[in-house]
Amino acid sequence: MAEPSAASRRFRWLSTSWPLLPAIVFLSVAFVYPVALLLSASFTDATGSLSAVHYTRVFESPVVSRVLVITFQIAAWTTLLCVIAAYPVAYLLATAGRNVRNVLIILVLMPFWTSFLVRTFAWIVLLGRNGVLAEVAAVFGADAPRLLYNFTGVMIGMVHALMPLCVLTMLAVMEGIDRSLVRAASTLGARPGQAFLRVYLPLSLPGVAAGALLVFITALGFFITPALLGSERETVIVQLIIFQIRDMLNWGFAGAIAVMLLLLALVIFYAYDRLVGLSTLSGGAMRVDVTARRNPIGWLGARAGSLAIAIAGTLLDAFAAARERILPPRADRPRRPVGTWLLWSAALLIIGFLAVPAFFVIPVSFTEGRFLSWPPQGFSLQWYEAVLGSPAWTGAALRSLVVAIAAATLGILLGVPAAFHIVRRARYKTALIGFLVAPIVMPNIIIAVALFYLFAGIGLVGTLTGLAIGHTVLAVPYVVVTMVAVLKSYDQRLDHAAYTLGATPARTFLHVTLPLIKSGVLAAFMFAFVISFDELTIALFLVGGGTATLPRRMWDDALLQVSPSLAAVAAMVLVFMTAIILISEYARRRGSSGG
Amino acid sequence: MRGLRKSYGDFVALKGADFELRDGEFLTLLGPSGSGKTTLLLAIAGLNEPDGGEIRIDGRLATYLPPYRRDIGMVFQNYALFPHMTVYDNIAFPLKMRRWAGERVRPAVERVLGIVQLPELADRYPMQLSGGQQQRIALARALVYEPSVILMDEPLGALDKKMRDRLQLEIKQLHKELNIAVLYVTHDQEEALVMSDRICLMRDGQIEQLGPPDELYFRPRSVFAADFLGESNLLKGRCATTVAGRAKVKLVDGGLVECLCDAALEAGAPVRVMVRPEAMRLLREGERAENELTGILHDTVMSGGTTVDRFATAGGVILMAKRLTDGLGARALPGETARLGFAADRAFAITEG
Ligand SMILES: Nc1ncnc2c1ncn2[C@@H]1O[C@H](COP(=O)(O)OP(=O)(O)O)[C@@H](O)[C@H]1O
Ligand SMILES: [Mg+2]
């Protein structure tokens, strides 16, 4: 028999894989190509010939290394604090009843969905010189501790911004942990502490690790919070890149710094893979193949981990045994659920920290004064009038809306077919998901700079089209991730049933599949919409002046002064976003209870 | 265990259950799902707190004692093997928690692995085992520290029929060899009959009847019990006279039958006479029986080793007669009138109400 010719093989591949093509082509052109272009720019000197001049500068410059260190420090501390605070919240959400969970999860998601900028302003309102904290301290005749424009301020803002991500990642893993395992441990003689340490903790570790990784990588690319809540000392790498490009026009040097950032991220990914395995990111199991020879890092990590657990377990047990000697457990009356109380109070405090601050921007926006202060003076709508009457603001809002809708729509059109293909057909699932999700993993600043570099040559800088393309690069991964999760739980036998009942594939899709995944598609759309509506990094490079989006204008304004008019904008954005979340949450519930 | 009560919110899951598990006994909690078996078992294990009543283990009060102080072994329905530990570590877990000296652990683990006949699996992870193997490892883990009682909550529920039959016998065998008390939960009446020394039949959070399998089978105290364990013919009637554990019952359909009864049964009480299908016989021409009924043959169903003939009485009640399948074909044709008979000591009067 003749081998199938190359052409016919290619045709067969095309006829089954066409749903993937648009997404892959788009990301190749709008993501891979510009990033490669930027990286190559970092290897050429001013005359255009190959040289390592930018890298020698990077290594020689004391500024770059200092900024790299502080960026790393900020990311590391943020990760640590996020993980510690997110764990009890995720644990509570995973173990609470359904109704409790549904309410709490909205509160946790609230900051996740509300604009980064709005949240950052909220902290300025709370912790600033005339802020709520200062006012409360004054009542007690004390000076408020300085929590703003220093490392503490950056930490508060960053942890607040990134913790929901961490909670959600952990929750996904914790929900998969069989509750009877801890019960089994206790009937087998383990005290609660031991049962937690030896059974629950190790099983939740993939979630903790994945959450930590996501927070760390995201934190590396953060600059809004350090810029607005930190001091000169808390200058991060992204700010350095922005400075190099905007003020020095030094592409090569900026590219070299970006490469350093990327390398740092890759090293972290590598270590992560060795320690726990990249498959945990998509809900897979931790690696178990650790032998000292094949994977020394993983082996050491596993040893250290089990040693730490053994030590902690022994200590906890000794402590609990001592307590029981003084206060033996009574067989004749119910135990007091001290642990549960502790968990609830800790988790509620943390959830309060997440959900409450944003709402402080609302009252201050009604002030009569010219500056932000607490309590707001009098009541007036003047700032709202000023904002709504200003074409600069309304135009920015309109542009944001248009771009967000365009990006979310494009993201759905590209991402949904790809997700279908990945779940139902694809052979190289992990690799494909990896490729499509790469834009989330890549620090936004690199995408922004790369796109700027590419668009500058073809006249797309300063246009909404360019920005929409940039935001679509970010939207595709979120749509793919959301839809893959939705489609994985979709029972394909329903489609098969429709086929046997005489429906064509098209009609089946229209009348069976689509109605069932509708709420998933809607969620993906909202996700992409919010990502774009709130996006600043790419907007910072691609638009400005007459084409500024809302976040871009808020940012420019905030650099000058955080004024009551900004609070009014923030309040409106907050209400708008909250409404969107509640609507989509409502739609999701109706969708899931109906299907 | 006495007067145990438990409610979830407004819903009362357990309404005062009372029983005693004797040393070395195999006691089964049997009941339809939702009858409170798991709730009861969890209370005994210390995994939920009863609202009232008391639990004693080895004579000591344990009602609210935390589970890790009870010295109870529990086998969960889904096995609850720790997925991140090898079989060996799973079984060694309770020993570590009990601070056994290192050199005693390995022999103990190897011993129970031998008992459940899976010594070669020590280094595997639970995910790499079949359902039946996981079940046996879960059992080994509950046995290794030699607790005074083992609780099992529908341990065979997730297995296929063949595996279930095999493990039923194995568990029963183990129970005999090791001489530990077992409290076993199932909703499968056959399983309960095969395995138990005594069966505790539960319904809506209460104990319906507690006794050895044959007592539950032949002398059910309620229609529910008669229905739940095996099949039964139930004839409505009123007790006419009782003499020395036997009653004469006047049936609603007419006719008088004699059957066994409880000493407490009084003349005049409404009863149902229960006759198991295998005690009901199709009578041949001229053959007589202590009790006789007539009916019209409705249909005949052969299910392997046994064949059931179903009859309709004049009053519209369906009667079943079960016999061994013999390959000789039908005894009568549908529509024919036939006489049915049963012995008085194979029928039992259940008090109604
Ligand atoms: N955690 C719970 N919360 C509320 N109701 C429960 C809970 N656990 C069990 N129930 C209810 O209590 C009743 C008895 O349940 P269970 O003991 O699990 O029954 P069984 O094991 O006999 O099937 C059921 O109706 C069940 O719905
Ligand atoms: Mg149950």
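Contact with chain B, which involves 32 residues of that partner, is made by 28 residues of chain A. With both chains or domains summed, chain B and chain A bury close to 2,700 Å², and 63% of this area falls on carbon and sulfur atoms. Counting across the interface, chain B meets chain A through 2 salt bridges. With a closest N to O distance of 2.5 Å, B:R69 and A:E324 form a salt bridge. Where chain B touches chain A, the interface holds 9 residue pairs in polar contact (both at pLDDT 80 or more).

This next bit is on the sheet that holds strand β19 (residues 318-324) of chain B. Residues and elements named next belong to chain B. Sheet architecture is open: 5 strands sit in the order β16-β20-β17-β18-β19, paired in antiparallel fashion. Of all strands in the sheet, those with a lone pairing partner are β16 (281-283) and β19, marking the two edges. Strand-to-strand twist in this sheet, taken as the mean axis angle between neighbours without regard to direction, amounts to 50 degrees. Alignment of strand β18 (residues 306-312) against β19, held across 7 bridges, turns out to be antiparallel. Residue pairing for β19: A312 is matched across the bridge by I318.

Before going further, it helps to examine unusual backbone geometry. Residues and elements named next belong to chain B. A positive phi angle, close to 50 degrees, is found at D204, a residue other than glycine. Here D204 is to be found in the loop between β10 (198-203) and β11 (206-211). Backbone geometry at A244 places phi at a positive 45 degrees, although glycine is not the residue there. Tracing the chain through its elements places A244 in the loop between β12 (233-243) and β13 (246-251).

Another aspect to go through is the pairing of β12(B). Residues and elements named next belong to chain B. Of the pairings in the sheet, the one linking β12 to strand β15 (residues 270-275) comprises 6 bridges and is antiparallel in character. Paired with L234 across the strands is M274, a residue of β15. Of the strand pairs in this sheet, β12 and β13 are connected by 6 bridges, and their pairing is antiparallel. Following the sheet pairing, C239 is matched in β13 by V249. Between the end of β12 and the start of β13, which pair antiparallel, lie 2 residues, with A244 showing a positive phi angle near 45 degrees.

So, on to the sheet that holds strand β8 (residues 149-153) of chain B. All names here are of chain B. Here 6 strands make up an open sheet; going across it, the order is β7-β8-β9-β3-β10-β11 and the pairing mixed. Whereas interior strands pair on both sides, the edge strands pair on one side only; in this sheet they are β7 (72-75) and β11. Taken pair by pair, the neighbouring strands of this sheet meet at an average axis angle of 20 degrees, ignoring direction. In this structure, β10 lies alongside β11, joined through 5 bridges in antiparallel fashion. Looking at β11, one finds that C200 is bridged to L210.

Attention now goes to the domain arrangement of chain B. Structurally, chain B comprises domain 1 (2-218) and domain 2 (231-351). Distance from the C-alpha centre of domain 1 of chain B to the C-alpha centre of domain 2 of chain B: 39 Å.

Moving on: the side chain of B:H175. All names here are of chain B. Here H175 shows up in helix α5 (residues 161-178). Within polar-contact distance, the side chain of H175 engages the backbone oxygen of G24 at 2.9 Å. When sequence neighbours within four positions are dropped, the list of residues in contact with H175 reads G24, E25, F26, I180, V182 and D197.

Bringing the pairing of strand β14 (residues 256-260) of chain B into the picture now. Residue and element names in this part refer to chain B. Two strands pair when backbone bridges link them, and β13 and β14 are joined in this way by 5 bridges, in the antiparallel orientation. By the bridge assignment for β14, K248 is matched with E258. If you look at the hairpin formed by β13 and β14, you'll find 4 residues sitting between the two strands, and G254 has a positive phi there, around 100 degrees.

On to the layout of surface pockets. The computed volume of the second largest pocket comes to approximately 2,500 Å³. A:P192, A:P337, A:V338, A:G339 and A:T340 are, among the 49 residues lining the second largest pocket, the residues nearest its centre. Those elements giving two or more residues to the lining of the second largest pocket turn out to be α4 (62-95), α9 (179-187), α10 (192-220), α14 (296-326) and α15 (338-355) of chain A together with β1 (2-8) of chain B. In terms of residue count, α15(A) provides more of the lining of the second largest pocket than any other element does, 7 residues in total. Here the residues of the lining of the second largest pocket are counted per class, giving 29 nonpolar, 8 polar and 12 charged.

Moving on: the nonpolar core. A:F121 and A:M554 are the most contacted members of the largest nonpolar core, which totals 258 residues. Beyond its immediate sequence surroundings of up to four residues, A:M554 is in contact with A:L117, A:V118, A:F121, A:W393, A:L566, A:V569 and A:A570. Counting 26 residues, the second-largest nonpolar core is a separate cluster that includes B:V249, B:L251, B:V271 and B:V273.

Each value, and the rule that gives it
- Residues numbered from 1 in each chain as written.
- Chains lettered and ligands numbered in written order.
- Predicted model: local features only at pLDDT ≥ 70, side-chain atom pairs only at ≥ 80, totals over all residues.
- Heavy atoms only, no water.
- Contact = heavy atoms within 4.5 Å.
- Buried area = accessible area lost by both parts, 1.4 Å probe.
- Salt bridge = Lys/Arg side-chain N within 4 Å of Asp/Glu carboxyl O.
- Polar contact = N/O pair within 3.5 Å; in protein donor to acceptor, adjacent residues only side chain to side chain.
- Pairing = 2+ DSSP bridges.
- Helix = DSSP H or I, 4+ residues; strand = E, 2+ residues; numbered from the N terminus.
- Axes fitted to C-alpha atoms, helices over the stretch in contact; angles between N-to-C directions.
- Domains from an automatic or database assignment.
- 1 Å grid on protein atoms, 1.4 Å probe; cavity = no way out; pocket = protein on both sides within 12 Å on 5 of 7 lines; lining within 4 Å.
- Points joined across faces, edges and corners; volume = space filled by probe spheres on them.
- Nonpolar A, V, L, I, M, F, W, Y, C, P; charged D, E, K, R; others polar.
- Core = buried A, V, L, I, M, F, W, Y, C linked by side-chain atoms within 4.5 Å.
- Buried < 20%, exposed > 50% of the residue type's maximum accessible area, 1.4 Å probe, protein only.

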